[in-house]
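Structural overview for review
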Amino acid sequence: MGRGILFVVSAPAGCGKDTILEKALAKDINLCYSVSATTRTMRPGETDGISYYFKSRKEFEQMIADGELLEHTEYCGNYYGTPKDTVEETLNGGKNVVLKIEIEGAGNIKKLIPESVLIFILPPSMEELSRRLHKRGTEDEETICKRLKQAETEIACAEKYDYVIVNGDIDEAVENFVSVIKAESFKTVRNKDLILKIKANNM
């Protein structure tokens, strides 16, 4: 069994990346989710160890000092990072791993692991993104305006990613996401050992 593929997903708030991942992970596509660590406050409905590993700032900085993170960054006043050991063990076991991280973290991963695959989730339009953020009803108008401004900055970085998926219809977006996962597993560069094995059997 070969090494698994590392996928990284980024998207502005309100683009539905959590829903896409939830639905995709429920399918049989040899993919598992790697939980990130953060110092931000736990939100209603979130669970420690499932949504994130929620850490104090001191705990997180100790993880950095001990080299326990594959990558980390500070975003909107909070630390976010990817625990190293779990990711490496899963990939070495032949299973694909998906990380949900912001743009700077995605860039760091690509530098560390060039063969990783970056996927950016886009809204169908900024108007639709604004509608979705207002519909959630979890933030005031000032916060929504900040998120929309941040989204513009993030979307400008989408061209640095390997794939972009527009989430206009959730089922279609999930289907396209799954297609990317499957297509990457068939790439020649990831199947050199298989090719050599079949070639050897025919000699």
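Above: the structure in question.
Keep in mind the model is a prediction, meaning the values are calculated, not measured.

**Focus: the overall build of the chain**
- Helix and strand counts for the chain stand at eight helices and nine strands.
- A globule of 203 residues ought to have a C-alpha radius of gyration of about 17 Å, and the chain, at 18 Å, matches this closely.
- Taken over 203 residues, the chain has a buried fraction of 42%.
- Put simply, of all contacts in the chain between residues at least 6 apart along the chain, 66% involve residues at least 24 apart.
- For the chain, the computed accessible surface area is about 11600 Å², with 51% contributed by carbon and sulfur atoms.
- Taking the 28 positively charged and 33 negatively charged side chains of the chain as two groups, their mean positions are separated by 3 Å.

**Observations concerning the nonpolar core**
- Grouped together as the largest cluster of nonpolar side chains are 27 residues, with contacts concentrated most on Phe7, Ile119, Ile121 and Phe177.
- The set of elements that each furnish at least two residues to this core consists of β1 (6-10), α1 (17-25), β8 (117-122), α5 (126-136), α6 (141-155) and α7 (170-185).
- Per-element tally for this core: the top contributor is α7, with six residues.
- Judged by nonpolar contacts, the second largest core, of 17 residues, contains Val8, Phe120, Leu122 and Tyr161.

**Here's the deal with the pairing of β1**
- Buried residues dominate β1, accounting for five of its five residues.
- Where burial is concerned, the two faces of β1 agree: the one with Leu6, Val8 and Ser10 and the one with Phe7 and Val9 are both buried.
- Pairing analysis gives four bridges linking β1 to strand β7 (residues 96-100), with the strands arranged parallel. Counterpart to Leu6 in the pairing with β7 is Val97.
- Bridging between β1 and β8 involves four bridges; their strand directions are parallel. Among the inter-strand pairings, Val9 is bridged to a residue of β8, identified as Ile119.

**Looking at the side chain of Glu154**
- With respect to the helices and strands, Glu154 occurs in helix α6.
- Comment: no salt bridge for buried Glu154; closest opposite-charge side chain is Lys17, at 7.1 Å.

**Points about the sheet that holds β1**
- The strand order across the open sheet built from five strands is β2-β7-β1-β8-β9, with neighbouring strands paired in parallel fashion. Edge strands, defined here as strands with exactly one partner in the open sheet, are β2 (31-33) and β9 (163-166). Averaged over all adjacent pairs, the angle separating strand axes in this sheet is 25°, with direction ignored.
- Bridging between β2 and β7 involves three bridges; their strand directions are parallel. Its bridge partner being in β7, Leu31 is matched across the sheet by Asn96.
- Of the strands in this sheet, β1, β7 and β8 are in contact with helix α4 (residues 103-112), which crosses β1 at around 160°.

**Description of the sheet that holds strand β5 (residues 69-75)**
- Reading across the sheet, the four strands line up as β4-β3-β6-β5 and stay open at both edges, with mixed pairing between neighbours. At either margin of the open sheet sits one strand with a lone partner, and together these are β4 (53-54) and β5.
- Pairing of β5 with strand β6 (residues 78-83) involves six bridges; the strand directions are antiparallel. Within β6, the residue paired with Leu69 across the bridge is Pro83.
- Packing against the sheet, helix α3 (residues 84-92) makes contact with β5 and β6, and its axis sits at approximately 30° to β6.

**Let's talk about the packing of α5 against α6**
- Running from amino to carboxyl end, α5 crosses α6 at an angle of 145°, the nearest separation of the two axes being 10 Å. Here α5 runs over α6; the crossing is right-handed. Mapping the contact onto sequence places Met126, Leu129, Ser130, Leu133, His134 and Arg136 in α5 and Glu141, Ile144, Arg147, Leu148, Ala151, Glu152 and Ile155 in α6.

**Remarks on the environment of Ser116**
- Position of Ser116 among the secondary structure elements: in the loop between α4 and β8.
- It is 23 Å that separates the C-alpha atoms of Ser116 and Ala13, two residues lying 103 residues apart in sequence.
- In contact with Ser116, other than residues within four places in its own chain, are Leu6, Ile109, Lys110 and Asp162.

Quick notes on the rules
- Residues numbered from 1 in each chain as written.
- Predicted model: local features only at pLDDT ≥ 70, side-chain atom pairs only at ≥ 80, totals over all residues.
- Heavy atoms only, no water.
- Helix = DSSP H or I, 4+ residues; strand = E, 2+ residues; numbered from the N terminus.
- Rg over C-alpha atoms; globule rule 2.2 N^0.38 Å.
- Buried < 20%, exposed > 50% of the residue type's maximum accessible area, 1.4 Å probe, protein only.
- Contact = heavy atoms within 4.5 Å.
- Areas by Shrake-Rupley, 256 points an atom, 1.4 Å probe, with all protein chains shown as cover.
- Lys, Arg positive; Asp, Glu negative; His and termini not counted.
- Charge placed at Lys NZ, Arg CZ, Asp CG, Glu CD.
- Core = buried A, V, L, I, M, F, W, Y, C linked by side-chain atoms within 4.5 Å.
- Pairing = 2+ DSSP bridges.
- Salt bridge = Lys/Arg side-chain N within 4 Å of Asp/Glu carboxyl O.
- Axes fitted to C-alpha atoms, helices over the stretch in contact; angles between N-to-C directions.
- Left-handed = near helix turned anticlockwise from the far one by under 90°.

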